[in-house]
Amino acid sequence: MIITIDGPAGTGKSTVAKKLAETLGFAYFDTGALYRAISWKILQEKISLTDREKLEEILYQFSFCQEKDRYFVNGEDVTAVIRSQAVTEIVSEVSAMKVVRDALKPIQIEFSKKGSVVFEGRDLGTVVFPHAEIKFFLTASPEVRAKRRLKELRRLGASSVTLEKVLEDIHERDRFDSGREIAPLKKPSDAIVIDTTHLSIEEVVNTLKKYV
Ligand code: DC
């Protein structure tokens with residue numbers, strides 16, 4: 001069985017998807033981490049996004065794997081570095097490129113063959129798994145999403161960042177992710193929509209579990 005959870009950043013998607021997968025005994029795939037991982041590799045190799053040939057080469061060599069809570073690129077543990085500010089700054093642009101999305105889709109399809117999986121991201125229910133058995137779309141108010149993101153950033157050690165800046169970034173990312181030409185962030189027409197603004201993680205997980 002394939003369950004997809006799409007929605008913008010800060011709706012609690014990752015935590016909820018992980019917990020839902022755990023309680024159901026399913027595998028879990030964070031596709032945002034996949035886009036972050038290729039963005040990290042591009043930075044690491046100092047490749048210009050306009051250098052098509054180099055980009056194709058790196059995509060061809062790229063191998064990604066996830067083991068429990070850790071992520072690996074060509075064998076190297078990138079769990080922490082893919083959350084860095086440098087990666088966050090380019091990941092929207094990288095993930096909007098057709099050549100990148102075309103190369104990363106087979107990795108997601110391949111993972112789905114392992115058995116039952118909860119996939120989490122932006123275009124799982126619309127593009128990657130249009131025939132998924134259950135699709136969820138999580139939403140929350142931008143203010144609540146910004147507060148959650150700020151908490152996460154503080155936990156990661158960013159002490160100087162303000163709520164205003166985080167809110168501004170969220171608005172900008174929403175505009176970019178929803179407005180891009182390829183695989184924009186969009187609610188699948190057959191998805192169950194959950195507004196998480198006033199719900200705790202446990203409440204969201206329980207709601208999804210009931211639907212499953
Ligand atoms: O969920 P996140 O913030 O870690 O995602 C990082 C970026 O990757 C975000 O800008 C949107 C993009 N993304 C995407 O385009 N498609 C996905 N399936 C998942 C993430």
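Small disclaimer: the values here were computed from a predicted structure and weren't measured.

Caption draft 1: Structural context of the sheet that holds strand β8 (residues 192-195). The strand order across the open sheet built from five strands is β2-β6-β1-β7-β8, with neighbouring strands paired in parallel fashion. Single-partner strands in this sheet number two, and they are β2 (27-30) and β8. Each strand of the sheet is rotated relative to its neighbour by a mean of 20 degrees, with strand direction disregarded. Sheet contacts for helix α2 (residues 31-44): β2 and β6 (117-121); angle to β2, the most-contacted strand, approximately 45 degrees.

Caption draft 2: Quick peek at the pairing of strand β4 (residues 70-73). Sheet topology note: the strand β3 (residues 64-67)/β4 ladder contains four bridges and is antiparallel. Paired with F64 across the two strands is V73, which belongs to β4. Relative to strand β5 (residues 76-77), β4 runs antiparallel, the two sharing two bridges. Looking across to β5, one finds that F72 is bridged to D77. Count of turn residues in the β4/β5 antiparallel hairpin: two residues, of which N74 carries a positive phi of about 45 degrees.

Caption draft 3: Fine view of the site of the ligand. If you check the shell around the ligand, you find 16 residues, and the closest are T31, R36, R101, R122 and R180. S95 places a polar side-chain atom, nitrogen or oxygen, 3.4 Å from an oxygen atom of the ligand. Note that an oxygen atom of the ligand is positioned 3.1 Å from one of the side-chain N or O atoms of R173. Coverage of the ligand by the protein amounts to 95% of the 450 Å² it exposes when considered alone.

Caption draft 4: Region of the structure containing helix α9 (residues 201-211). Along α9, the positions that sit buried rather than exposed are V204, V205 and L208. Seen from one end, α9 has its buried residues packed into an arc of 100 degrees, which puts them on one side. The secondary structure elements touched by the buried residues of α9 are β1 (2-6), α1 (13-24), β7 (134-139) and β8.

Caption draft 5: Expanded view of the pattern of salt bridges. Evaluated as defined, the whole model comprises 16 salt bridges. Between R101 and D123 there is a salt bridge, with its nearest N and O atoms 3.0 Å apart. In this pair, R101 sits in helix α5 (residues 98-112) while D123 sits in the loop between β6 and α6 (124-128), placing the two residues 22 residues apart along the sequence. Each member of the pair R101 and D123 is classed as buried. Between D177 and R122 there is a salt bridge, and its shortest N-O distance comes to 3.8 Å. Of the two residues, D177 sits in helix α8 (residues 163-179) while R122 sits in the loop between β6 and α6, which places them 55 residues apart along the sequence.

The rules behind the values
- Residues numbered from 1 in each chain as written.
- Predicted model: local features only at pLDDT ≥ 70, side-chain atom pairs only at ≥ 80, totals over all residues.
- Heavy atoms only, no water.
- Pairing = 2+ DSSP bridges.
- Helix = DSSP H or I, 4+ residues; strand = E, 2+ residues; numbered from the N terminus.
- Axes fitted to C-alpha atoms, helices over the stretch in contact; angles between N-to-C directions.
- Contact = heavy atoms within 4.5 Å.
- Near = heavy atom within 4 Å.
- Polar contact = N/O pair within 3.5 Å; in protein donor to acceptor, adjacent residues only side chain to side chain.
- Areas by Shrake-Rupley, 256 points an atom, 1.4 Å probe, with all protein chains shown as cover.
- Buried < 20%, exposed > 50% of the residue type's maximum accessible area, 1.4 Å probe, protein only.
- Arc of directions from axis to C-beta.
- Salt bridge = Lys/Arg side-chain N within 4 Å of Asp/Glu carboxyl O.

Without other data, these values stay purely geometric and don't point to any function.
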